[in-house]
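Okay, here's what each chain looks like letter by letter:
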Amino acid sequence: MKNTISRARRGALATLGAALLAYAGGSWAQSQAATVKLIVGYAAGGPVDAAARVFAPVFSRELGQPVVVENRLGAGGAVAGNSVVKAQPNGQEIYFAASPTMTISPHVLKAMTFDPLKDLTPLAPILSYANVLVINQNQPFKTLPELVAHAKANPGQLAYGSAGMGASNHLSGELFARRAGISMTHVPYKGNAPAMTDVMGGQIQMMFDIVGGAKSYIDGGKVRALAVTSKERNPAFPQLPSMSELGIRDYDIGGWYGLYGPLGMNADVSQRIAAATGRALQDAELRKRWIDQGYVIWNAKASDLAERMRREHALWAEVTKGMAFE
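Please read these numbers as outputs of a predicted model, since none were measured by experiment. (Residues numbered from 1 in each chain as written. Predicted model: local features only at pLDDT ≥ 70, side-chain atom pairs only at ≥ 80, totals over all residues. Heavy atoms only, no water.)

A. A look at helix 11 (residues 302-320). Spanning 19 residues, helix 11 covers 27 Å between terminal C-alpha atoms, matching the ideal 27 Å at 1.5 Å per step. Buried residues of helix 11: L305, A306, R308, M309, E312, H313, W316, V319 and T320, and no others. The arc enclosing the buried residues of helix 11, seen along the axis, measures out at 165°, which places them on a common side. On the buried face of helix 11, the contacting elements are helix 4 (99-108), strand 4 (120-135), helix 6 (168-180) and strand 9 (254-262). After helix 11 finishes, the residue G322 shows a positive phi value of roughly 85°. (Helix = DSSP H or I, 4+ residues; strand = E, 2+ residues; numbered from the N terminus. Expected span 1.5 Å × (residues − 1). Buried < 20%, exposed > 50% of the residue type's maximum accessible area, 1.4 Å probe, protein only. Arc of directions from axis to C-beta. Contact = heavy atoms within 4.5 Å.)

B. A look at the nonpolar core. Counting residues in hydrophobic clusters, the biggest one holds 34 residues, and the most contacted among them are L38, F55, F59, F96, Y257, L259 and W290. Setting aside its immediate chain neighbours within four residues, L38 contacts A52, F55, A56, F59, V67, V68, V69, E70, I94, F96 and L259. Of all hydrophobic cores here, the second largest spans 29 residues; its members include L144, A180, L226 and I253. (Core = buried A, V, L, I, M, F, W, Y, C linked by side-chain atoms within 4.5 Å.)

C. Molecular detail of the pattern of salt bridges. Applying the stated criterion across every chain yields a total of 13 salt bridges. Notably, a salt bridge pairs D292 with K288, separated by 2.7 Å at the nearest N-O pair. One end of the pair, D292, and the other, K288, are both in helix 10 (residues 284-292), four residues apart, so they sit about a helical turn from each other. We classify K288 as exposed; its relative accessible area is 54%. What you see here is one network of salt bridges that share partners, running through K37, E70, R72 and E93. (Salt bridge = Lys/Arg side-chain N within 4 Å of Asp/Glu carboxyl O.)

D. Structural view of helix 6. For helix 6, with 13 residues, the first-to-last C-alpha span of 18 Å sits near the 18 Å given by 1.5 Å per residue. Along helix 6, the residues that are buried comprise N169, H170, L171, S172, G173, L175, F176, A177 and A180. The positive-phi residue at the C-terminal boundary of helix 6 is G181, with phi of around 70°.

E. Inspection of unusual backbone geometry at higher detail. Backbone geometry places A75, a non-glycine residue, at a positive phi of 55°. Considering the arrangement of structural elements, one finds A75 in the loop between strand 2 (67-71) and helix 3 (78-85). Residue class for A75 comes out partly exposed when judged on its relative accessible area of 26%. In this structure, D250 is a non-glycine residue whose phi angle is positive, near 55°. Within the secondary structure, D250 is located in the loop between strand 8 (224-228) and strand 9. In this structure D250 comes out as exposed when scored by relative accessible area, which is 66%.

F. The arrangement of the confidence of the model for the protein in detail. Across the protein, pLDDT averages 89, with 90% of residues at or above 70. Across residues 16-30 the pLDDT falls below 50, and counting only partners more than four positions away or on other chains, this stretch makes one contact in the model. (pLDDT = per-residue confidence, 0-100.)

G. Structural detail: the packing of helix 4 against helix 11. Two numbers describe how helix 4 lies on helix 11: the axes approach to 9 Å, and their chain directions differ by 35°. In the crossing of helix 4 with helix 11, the sense of the turn from one axis to the other is right-handed. Contacts from S99, M102, T103, I104, P106, H107 and V108 in helix 4 reach M309, E312, H313, W316, A317 and T320 in helix 11. Of the residues assigned to the contact of helix 4 with helix 11, the class counts are seven nonpolar, five polar and one charged. (Axes fitted to C-alpha atoms, helices over the stretch in contact; angles between N-to-C directions. Left-handed = near helix turned anticlockwise from the far one by under 90°. Nonpolar A, V, L, I, M, F, W, Y, C, P; charged D, E, K, R; others polar.)

Written out as structure tokens, the structure reads:
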């Protein structure tokens, strides 16, 4: 009798175990087939959105899941980031983040509702970029040393434009002025395009702009490029020196895009996303498109992304200290 009961129990347990395995397998398969959303905090057509849409189909192929780009606008990318903070940690919503939201906005944006250092899981870096300093073609100075000398002889008379208060190119100019020991006047615009228009027209003398955005104006001879803000030269302008090469010490400014998920993500899911990202970044066509636009492919670890975010977060905390923002 006991053997009969024991056999019955073993049979019931085996049936239950098989059911649980089947359920788990079904859930995993369902997760694998689910559409992944790449959440972008900026408008369609802009540089962050464009990069995400180039990346999505290659990432989809390597991940083995459908991937779509979804734009959630507001507060300089913070609305999108906050929505991912609140998402389920199953890998189906991934934040395609731009560095200003993660490293500058916490210090200048009152509407910032999450802490990038604490509230998200770094998954993988994607690419990095530099700004380039461009000037109006009709200025009396033609090189960076000549610009610095002119600014020292005419304190406050040089005006530089930006995409707005607290934008990366605003703070690139602020840090440049501090490192070079000069005084300049900041003129905020509602975006890079109107600022560039006024540089070309001579209403302001200069601005910092992302390499990819400024390239057509530089190549077309509409503005003159003086230097890139990264420590190394940029592949899109190999002949153009860096600011540090020209004597601006401790100046290495750039931006980046990276993938983040909610807190609490399963390690296997995080690693699968990171591995798929690494394979995607080896795609020859993807690399060529981004390099031609002045981007630098950043195929590295999640820990590298987290460390760079911490370092730049601290830098912009120092630069923005005491500055007034709306």
